[in-house]
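These are the residues of each chain, in order.
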Amino acid sequence: STALDLIEDGLPRVSRDVLLGVLEPQTGTGEPEPAAEVLALLADSDSEWIVAGAAWAAAELALVSCANQLEALKDHESPVVRETALFALERLGGAR
């Protein structure tokens, strides 16, 4: 619950809604698939925390389709993003 509190209190509403939509996907609503949303968030250049959160979501949701984008993040300037991308790739290695 602490992580959820951090997301709810620390992120702007737009970013929070997108990230929570990925972590708690709604089915049958006509909204984009979680993989598409995660890929978009992985490309976010405004916040390293959004990118790290998206990398974590890719691992949790076993989104193998995000592997190429995660590979590219291994060289990100932010240590948080780099480490989370490596974690996600390790988790996805079992899903491939």
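From a predicted model like this one, the values you see are computed outputs, not experimental measurements.

Describe the pattern of salt bridges, with residues and values.
Throughout the structure, instances matching the rule amount to 2 salt bridges. In this structure, the salt-bridge partner of E71 is K74, at a minimum N-O distance of 2.9 Å. Among the residues examined, K74 registers a relative accessible area of 33% and is labelled partly exposed.

Outline the packing of aromatic side chains, listing residues and values.
Considering all chains together, one arrives at 1 aromatic pair under this definition. When the ring of W56 is compared with that of F87, the centres are 4.5 Å apart and the planes differ by 15°; the resulting orientation is stacked. Residue W56 is found in helix α4 (residues 48-60), and its partner F87 is found in helix α6 (residues 79-93); the two are separated by 31 residues along the sequence. In this structure W56 comes out as partly exposed when scored by relative accessible area, which is 42%. Overall, F87 belongs to the partly exposed group, its relative accessible area being 28%.

For α6, give the residues involved together with the corresponding values.
The α-helix winds at 3.6 residues per turn, so residues separated by three or four positions along the chain end up facing the same way. Under the 1.5 Å per step criterion, the end-to-end length of α6 is 21 Å for 15 residues, consistent within 8% with the ideal 21 Å. Residues of α6 that are buried: V81, T84, A85, A88, L89 and L92. The buried side chains of α6 occupy one side of the element, clustering within an arc of 140° when seen end-on. Exposed side chains of α6 directed beyond 90 degrees from the buried face belong to E83 and E90. Buried positions along α6 lie against α4 and α5 (67-72). Taking the backbone nitrogen of V80 as reference, a side-chain oxygen 3.2 Å away marks S78 as the first, capping residue of α6.

Rules of the game
- Residues numbered from 1 in each chain as written.
- Predicted model: local features only at pLDDT ≥ 70, side-chain atom pairs only at ≥ 80, totals over all residues.
- Heavy atoms only, no water.
- Salt bridge = Lys/Arg side-chain N within 4 Å of Asp/Glu carboxyl O.
- Buried < 20%, exposed > 50% of the residue type's maximum accessible area, 1.4 Å probe, protein only.
- Phe/Tyr/Trp six-rings, centres within 6.5 Å; stacked < 30°, edge-to-face > 60°.
- Helix = DSSP H or I, 4+ residues; strand = E, 2+ residues; numbered from the N terminus.
- Expected span 1.5 Å × (residues − 1).
- Arc of directions from axis to C-beta.
- Contact = heavy atoms within 4.5 Å.
- Polar contact = N/O pair within 3.5 Å; in protein donor to acceptor, adjacent residues only side chain to side chain.

Limitation: the analysis is restricted to geometry and does not speak to function.
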